[in-house]
Amino acid sequence: MTEYEKAMRPEDITRLFVERSNAGDAAGVAALYEEDAVLAYPPGSRTVGREAIRELWATVLANRPRFECEEPLPTLLSGDIALTSTPPKDGAGARAQVVRRQPDGSWLRLLDQPEFVPPGR
C-alpha cells in the first residue's frame, strides 16, 4: 500500500486533494476520506464510503481535469471536528467539508460538499 502524506492541519486536505487529483491518483484522493465518508457528488447525489469515492474519482480523473488551489476561508474548529471551506475561483457558491482528527493527529474528510446546487436546479 502506498504511504501518503497526512493532513496534519484541516487546511492541508485541500492542497493534498489538488496535488493528488492533478497526478491522476484516485486512491490518493480517496485516502483523504474516512472509511465511511459521504461525498455529495455528483451534484444531487451521494457517494458513500472510501472505496466508492475512489471509484468515482478514478472516473473523474480519467478525463485529466486540472485543479487549482483555492484560498481557504477560516476553519471552524470544535475539538476533533472542523469545518473547512473555500470559495471556488469561478465565483460559483462555495465548497465545504467536515473533517475529523484521527487518533494519530492527522485529519480526514467525513462529509464533503464540493458543489452547492441552488434549490430548484
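See the structure above.
Since the structure is predicted, the reported quantities are computational estimates derived from the model, not experimental observations.

Definitions and limits used
- Residues numbered from 1 in each chain as written.
- Predicted model: local features only at pLDDT ≥ 70, side-chain atom pairs only at ≥ 80, totals over all residues.
- Heavy atoms only, no water.
- Helix = DSSP H or I, 4+ residues; strand = E, 2+ residues; numbered from the N terminus.
- Rg over C-alpha atoms; globule rule 2.2 N^0.38 Å.
- Buried < 20%, exposed > 50% of the residue type's maximum accessible area, 1.4 Å probe, protein only.
- Areas by Shrake-Rupley, 256 points an atom, 1.4 Å probe, with all protein chains shown as cover.
- Lys, Arg positive; Asp, Glu negative; His and termini not counted.
- Charge placed at Lys NZ, Arg CZ, Asp CG, Glu CD.
- Salt bridge = Lys/Arg side-chain N within 4 Å of Asp/Glu carboxyl O.
- Phe/Tyr/Trp six-rings, centres within 6.5 Å; stacked < 30°, edge-to-face > 60°.
- Expected span 1.5 Å × (residues − 1).
- Arc of directions from axis to C-beta.
- Contact = heavy atoms within 4.5 Å.

1. What to know about the overall build of the protein
Helices and strands together make up the secondary structure of the protein, namely three helices and six strands. In summary, the protein has a C-alpha radius of gyration of 14 Å against a globular reference of 14 Å for 121 residues, a match within 12%. Along the three orthogonal principal directions, the C-alpha set of the protein runs to about 40 × 30 × 25 Å. Split into buried and exposed, the 121 residues of the protein put 39% on the buried side. Of the accessible surface of the protein, which amounts to about 7200 Å², a share of 54% is contributed by carbon and sulfur atoms. Of note, the protein has its 15 positive side-chain charges centred 2 Å away from the centre of its 19 negative side-chain charges.

2. As for the environment of Gly105
Residue position: Gly105 is located in the loop between strand E5 (95–101) and strand E6 (107–113). Residue class for Gly105 comes out partly exposed when judged on its relative accessible area of 23%. Considered as a pair, Gly105 and Arg15 are 90 residues apart in the sequence and their alpha carbons are 18 Å apart.

3. Re the pattern of salt bridges
Counted by the stated rule, this structure contains eleven salt bridges. Its salt-bridge partner being Glu34, residue Arg100 comes within 2.6 Å of it at the nearest N-O pair. Taken together, the residues span a long stretch of sequence, with Arg100 in strand E5 and Glu34 in strand E1 (residues 33–39) at a distance of 66 residues. Residue Arg100 is classed as partly exposed on the basis of its relative accessible area of 31%. Linking Glu70 and Arg95 is a salt bridge whose minimum nitrogen-to-oxygen distance equals 2.8 Å. With Glu70 in the loop between helix H3 (50–61) and strand E3 (76–78) and Arg95 in strand E5, this pair connects stretches of sequence that are 25 residues apart. The class for Glu70 is buried, based on a relative accessible area of 14%. The class of Arg95 is partly exposed, set by a relative accessible area of 23%. Counted as one network, the salt bridges with shared partners bring together Glu5, Arg15 and Glu19.

4. Side note on the packing of aromatic side chains
Tallied over the entire structure, the rule returns four aromatic pairs. Ring centres of Tyr41 and Trp57 lie 6.2 Å apart, and the angle between their planes is 5°; this geometry places the pair in the stacked category. Of the two residues, Tyr41 sits in the loop between E1 and strand E2 (47–48) while Trp57 sits in helix H3, which places them 16 residues apart along the sequence. Centroid distance Trp57 to Phe67: 6.1 Å. Interplanar angle 70°. Geometry classified as edge-to-face. Linking Trp57 in helix H3 with Phe67 in the loop between H3 and E3, this pair joins segments that are ten residues apart in sequence. Classification of Trp57 as buried rests on a relative accessible area of 7%. Each member of the aromatic cluster is reached from another via a ring pair, and the members are Phe17, Tyr41, Trp57 and Phe67.

5. As for unusual backbone geometry
Of the consecutive residues Tyr41 and Pro42, the connecting peptide bond is found in the cis state with omega at 0°. By the element assignment, Pro42 lies in the loop between E1 and E2.

6. A few points about H3
Helical geometry: 3.6 residues make up each α-helical turn, so side chains three or four residues apart lie on a common side. Compared with an ideal rise of 1.5 Å per residue, which puts twelve residues at 16 Å, H3 spans 16 Å between its outermost C-alpha atoms and is within 8% of the ideal. Along H3, the residues classified as buried are Ile53, Leu56, Trp57, Val60 and Leu61. For H3, the angular spread of the buried residues around the axis is 125°, confining them to a single face. Against the buried residues of H3 lie helix H1 (12–22), helix H2 (26–30), E1 and E2.

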